[in-house]
Amino acid sequence: MQEQEFVSAVRQSLDLPDNESAGSAVRATLAVLGRRLAGGEGKDLASQLPGSLAAQIPDDAPGERFDVTTFYQRVAEAERAEGREVTDAQARQHARAVAKGLETALSDGEWDDVTSQLPADFADFLGTEPVQKH
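The following refers to the structure shown. (Residues numbered from 1 in each chain as written. Predicted model: local features only at pLDDT ≥ 70, side-chain atom pairs only at ≥ 80, totals over all residues. Heavy atoms only, no water.)

A word on a negative patch on the surface
Thought 1: A cluster of acidic side chains, namely Asp-44, Asp-108, Asp-112 and Asp-113, defines a negative patch on the protein surface.
Thought 2: Ranked by the residues each element gives to the negative patch, the list is headed by helix H6 (residues 108-116), at three residues. (Patch = residues over 30% accessible without salt bridge, like charges linked within 9 Å, V, L, I, M, F, W, Y side chains within 5 Å. Areas by Shrake-Rupley, 256 points an atom, 1.4 Å probe, with all protein chains shown as cover. Salt bridge = Lys/Arg side-chain N within 4 Å of Asp/Glu carboxyl O. Lys, Arg positive; Asp, Glu negative; His and termini not counted. Charge placed at Lys NZ, Arg CZ, Asp CG, Glu CD. Helix = DSSP H or I, 4+ residues; strand = E, 2+ residues; numbered from the N terminus.)

Some thoughts on the nonpolar core
Thought 1: Counting 36 residues, the largest nonpolar core has Phe-71, Leu-102 and Phe-125 as its most contacted members.
Thought 2: Residue assignment for this core shows that the elements contributing at least two residues are helix H1 (3-14), helix H2 (19-36), helix H3 (41-47), helix H4 (68-81), helix H5 (88-105) and H6.
Thought 3: When residues no more than four places from it in sequence are discounted, the contact partners of Phe-125 are Thr-29, Leu-33, Val-68, Phe-71, Tyr-72, Ala-95, Arg-96, Ala-99 and Leu-118. (Core = buried A, V, L, I, M, F, W, Y, C linked by side-chain atoms within 4.5 Å. Buried < 20%, exposed > 50% of the residue type's maximum accessible area, 1.4 Å probe, protein only. Contact = heavy atoms within 4.5 Å.)

What about the side chain of Glu-79?
Thought 1: Its place among the elements puts Glu-79 in helix H4.
Thought 2: No salt bridge is formed by the buried Glu-79; its nearest oppositely charged neighbour, Arg-84, is found at 6.1 Å.
Thought 3: A polar contact of 2.9 Å, which involves the side chain of Glu-79, links it to the side chain of His-94.
Thought 4: Every residue in contact with Glu-79, bar those within four places of it in the chain, is listed here: Ser-21, Ser-24, Ala-25, Ala-28, Arg-84, Val-86, Ala-91 and His-94. (Polar contact = N/O pair within 3.5 Å; in protein donor to acceptor, adjacent residues only side chain to side chain.)

Section: the pattern of salt bridges
Thought 1: Taken as a whole and judged by the stated rule, the model has six salt bridges.
Thought 2: Between Glu-64 and Arg-74 there is a salt bridge whose closest N-O contact spans 2.7 Å. A residue pair is termed long-range when its members are at least 10 positions apart, and Glu-64 in the loop between H3 and H4 and Arg-74 in helix H4 qualify at 10 residues.
Thought 3: A residue is classified by how much of its surface remains accessible, and Glu-64, at 22% relative accessible area, is partly exposed.
Thought 4: A relative accessible area of 28% places Arg-74 in the partly exposed class.
Thought 5: The residue Asp-124 makes a salt bridge to Arg-92 at a minimum N-O spacing of 2.6 Å. Of the two residues, Asp-124 is situated in the segment after H6 and Arg-92 in helix H5; the sequence distance between them amounts to 32 residues.
Thought 6: Here Arg-92 falls in the partly exposed class, since its relative accessible area comes to 23%.
Thought 7: Here the salt bridges share partners, and the residues they tie into one network are Arg-35, Glu-64 and Arg-74.

Function-wise, these values are silent; they only describe arrangement.
And the structure:
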C-alpha cells in the first residue's frame, strides 16, 4: 500500500474533508504509537510503513507506559500542533481509523507484534465496532 492510498483510506473511513486532515491524523497516531512501543518494535513497524510515514516512528521507540486515554490526548495534542482543531473524542476516532488501516497494511505477524505490546485498555483503539464519522 502506498502512502497516499493509506491516507486516503483513513480520510474515507472518517469522511474527512481532505487528505491534509487525514494525513495529520495518521502522522499524529503513528508518532504517539511509536513512543508506546519498545524493544525494536518501532523499527519493525516503520519498516512496513509506506513513504514518509515510517519517519513518524521515533528511532528509539522508548516504550513509554501510558493508558489509552493518554494515548488519545497525545494524538489530539499532536494534531493541534499541526494547526488542526481536534477534540480528544475526534482524535480517538482518528486513531481508531489509523489502527484499522495499519491492520490492513501490515503483515499479520507485524500487526500481532505491535498489538501484543499494548495493554488491555487499548482494546478500544483496536476495537472492531464502526468508527463514528464527524
